[in-house]
Amino acid sequence: MTHHVDDQVARWARREPLLALLSRATRGVLLPEEGALLRAAVDTELAAAERAERQRDDARRIAVALENQLAAVRGLHVDSITASGVVRFNPDTGGDTAYCTHDSQNWPCATIRAIEEQP
Ligand SMILES: [Zn+2]
């Protein structure tokens, strides 16, 4: 997160001189050495954009992998009613209760409760 803020601060710091150079180029008063500065500034922005795209793609791949792992865990922890229509007597409530077919805890089991807690 701090890294992201640093990137943003650096981007804003680069913006002003880049816009000044573009303005001079538009007016046709760009000095040769300013042309080199403009090229360097554009190269920096293009590299930053490509880096951001790679980071976004990496983050998406990680998110998909985590969703798949989560789905696999959910697939293991199934309530007994969905799995086989079976309930069991719960002495705490005096009634019938579904249970997790994976760990036998009352439904929802601790794993499912942990998954469903909002981060
Ligand atoms: Zn479970």
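With that out of the way, let us pick up the coordination of the zinc ion. The zinc ion binds to the protein through His-77 (ND1), Cys-100 (SG), Asp-103 (OD) and Cys-109 (SG), with metal-donor distances spanning 1.9 to 2.3 Å. With 4 donor atoms in place around the zinc ion and angles of 99 to 121 degrees between them, the coordination shape is tetrahedral. Sequence positions of the donors to the zinc ion reduce to the motif H-x22-C-x2-D-x5-C. Of this pair, His-77 sits in the loop between α2 (32–76) and α3 (80–84) while Asp-103 sits in the loop between β2 (95–97) and α4 (110–116); the two residues are 26 residues apart in sequence, bridging distant segments of the chain.

Under the domain assignment, the protein is made up of domain 1 (1–76) and domain 2 (78–119). Inter-centroid distance (C-alpha atoms) of domain 1 to domain 2 is 47 Å. For the pair domain 1 and domain 2, the two sides together bury roughly 500 Å², of which 65% comes from carbon and sulfur. Considering only the surface of domain 1 that becomes buried against domain 2, Val-73, Arg-74 and Leu-76 emerge as the three largest contributors, covering 83% of it.

At the junction of Trp-107 and Pro-108, the peptide bond is cis and its omega measures out at -5 degrees in the coordinates. Assignment of secondary structure puts Pro-108 in the loop between β2 and α4. Here Ser-104, not a glycine, exhibits a phi torsion of approximately 70 degrees, which is positive. Looking at where Ser-104 falls in the secondary structure, it is placed in the loop between β2 and α4.

What follows concerns the packing of aromatic side chains. Considering all chains together, one arrives at 0 aromatic pairs under this definition. Here Arg-15 stacks its cationic end above the ring of Trp-12, 4.4 Å away from the centre of that ring.

On to the pattern of salt bridges, then. Side-chain pairs of opposite charge can arise where the charged atoms are in close proximity. Scanning all chains against the criterion turns up 5 salt bridges. With a shortest N-O distance of 2.9 Å, Arg-24 and Glu-34 are connected by a salt bridge. Placement of Arg-24 in helix α1 (residues 2–26) and of Glu-34 in helix α2 is noted, with a sequence separation of 10 residues between them. Taking the relative accessible area as the measure of exposure, Arg-24 reaches 26% and is therefore partly exposed.

Reading the values: the criteria
- Residues numbered from 1 in each chain as written.
- Predicted model: local features only at pLDDT ≥ 70, side-chain atom pairs only at ≥ 80, totals over all residues.
- Heavy atoms only, no water.
- Donors = N, O, S within 2.8 Å, 3.2 Å for Na, K, Ca; no water.
- Tetrahedral: all angles 85-135°; square planar, octahedral: opposite > 155°, others 65-115°.
- Helix = DSSP H or I, 4+ residues; strand = E, 2+ residues; numbered from the N terminus.
- Domains from an automatic or database assignment.
- Buried area = accessible area lost by both parts, 1.4 Å probe.
- Phe/Tyr/Trp six-rings, centres within 6.5 Å; stacked < 30°, edge-to-face > 60°.
- Lys NZ or Arg CZ within 6 Å of the ring centre and 35° of its normal.
- Salt bridge = Lys/Arg side-chain N within 4 Å of Asp/Glu carboxyl O.
- Buried < 20%, exposed > 50% of the residue type's maximum accessible area, 1.4 Å probe, protein only.

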